[in-house]
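# Architecture and fold: a report
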Amino acid sequence: MFLKVQLPWNVIIAAENLQPEGLMLQREIILRLLGDFAVKKATKDLGYFLAVTTLEKIGEGKVRQHTGDVLFPVVFNAITFKIFNGEILEGVVHKILKHGAFMRCGPIENVYLSNLKMPDYRYVPGENACFMNDKMSKIGKDVTIRFVVIGTKWLEAEREFQALVSLEGDYLGPITTPDI
């Protein structure tokens with residue numbers, strides 16, 4: 001789910017990058033904010049940081065004593081992406097294993113669909129391994145799948161989420177194949 005959030009942030013501008021012109025200072029603050037925002041990647045509460053939409057306020061700068069750098073408190077709006085249990089999403093399969101499939105869903109790289117959560121699908125081994133059901137519906141590499149989220153896990157060290165998903169429900173399963 002996409003979320004619109006308002007965040008306070010501290011932007012530090014190095015003393016050598018300070019310009020007396022107001023517009024150049026504002027530009028430097030925005031560039032630093034965007035760089036810091038991209039590096040942050042995600043948080044457990046807000047999910048993945050996708051985009052800064054508006055800069056609401058730039059506070060008064062405070063000079064840091066030992067370095068001479070200036071710290072500016074800013075408030076801005078942003079778009080984030082976080083998955084929730086029970087949410088219906090779509091992902092693209094990037095890896096097939098005997099016991100399930102791994103998909104990507106937006107910025108989330110590790111979405112796991114267990115073979116136990118694919119009713120009526122069976123594993124078909126081979127060079128292009130896949131899961132197939134009696135109606136010839138195929139789950140293989142590069143196939144887009146609609147699924148329901150049944151569990152999420154936040155990994156603090158990697159600053160990313162993992163998800164466990166299922167095809168148990170109405171209108172869930174493959175929606176496109178790479179052959180078409």
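Residues numbered from 1 in each chain as written. Predicted model: local features only at pLDDT ≥ 70, side-chain atom pairs only at ≥ 80, totals over all residues. Heavy atoms only, no water.

Time to look at the domain arrangement of the protein chain. Entries for the protein chain in the domain assignment read domain 1 (2–81) and domain 2 (88–174). Placing the centre of domain 1 and that of domain 2 at their C-alpha centroids yields a distance of 37 Å. Across the boundary between the two partners, domain 1 contributes nine residues, which contact nine residues of domain 2. Of the roughly 820 Å² buried between domain 1 and domain 2 on both sides combined, carbon and sulfur atoms contribute 67%. (Domains from an automatic or database assignment. Contact = heavy atoms within 4.5 Å. Buried area = accessible area lost by both parts, 1.4 Å probe.)

What follows concerns the sheet that holds strand β9 (residues 122–124). Spatially, the three strands line up as an open sheet ordered β9-β10-β11, and their pairing is antiparallel. Edge positions in the sheet fall to β9 and β11 (138–139), since each has one partner strand and no second. Across two bridges, strand β10 (residues 130–132) lies against β11 in antiparallel orientation. Residue pairing in the sheet places M132 in a bridge with K138 of β11. (Pairing = 2+ DSSP bridges. Helix = DSSP H or I, 4+ residues; strand = E, 2+ residues; numbered from the N terminus.)

In this section: the pattern of salt bridges. This structure, assessed with the given rule, holds six salt bridges. For E109, the salt bridge is made with R104, and the minimal N-O distance between the two is 2.6 Å. Judged by relative accessible area, R104 falls into the partly exposed class, the value being 39%. (Salt bridge = Lys/Arg side-chain N within 4 Å of Asp/Glu carboxyl O. Buried < 20%, exposed > 50% of the residue type's maximum accessible area, 1.4 Å probe, protein only.)

It is worth spelling out the nonpolar core at this point. Residues M103, V111, I139, I145, F147, V165 and L167 are the most contacted members of the largest nonpolar core, which totals 27 residues. Every element with two or more residues in this core is listed here: β6 (88–97), β7 (100–105), β8 (108–114), β12 (144–155) and β13 (160–166). Per-element accounting of this core gives the leading share, four residues, to β12. Each of two domains, domain 1 (2–81) and domain 2 (88–174), supplies a minimum of three residues to this core. (Core = buried A, V, L, I, M, F, W, Y, C linked by side-chain atoms within 4.5 Å.)

In this section: the pairing of strand β5 (residues 70–81). Within β5, nine of the 12 residues are buried, leaving the element largely enclosed by the surrounding structure. With 12 bridges joining them, strand β1 (residues 2–13) and β5 adopt antiparallel strand pairing. What sits directly across from K4, in β5, is I79. Across eight bridges, strand β3 (residues 47–58) lies against β5 in antiparallel orientation. Along β5, the bridge assignment pairs F49 with T80. Of the strand pairs in this sheet, strand β4 (residues 62–63) and β5 are connected by two bridges, and their pairing is antiparallel. Looking at the pairing, K62 lines up with L71 of β5. Two successive antiparallel strands, β4 and β5, enclose a turn made up of six residues, where G68 displays a positive phi of approximately 85°.

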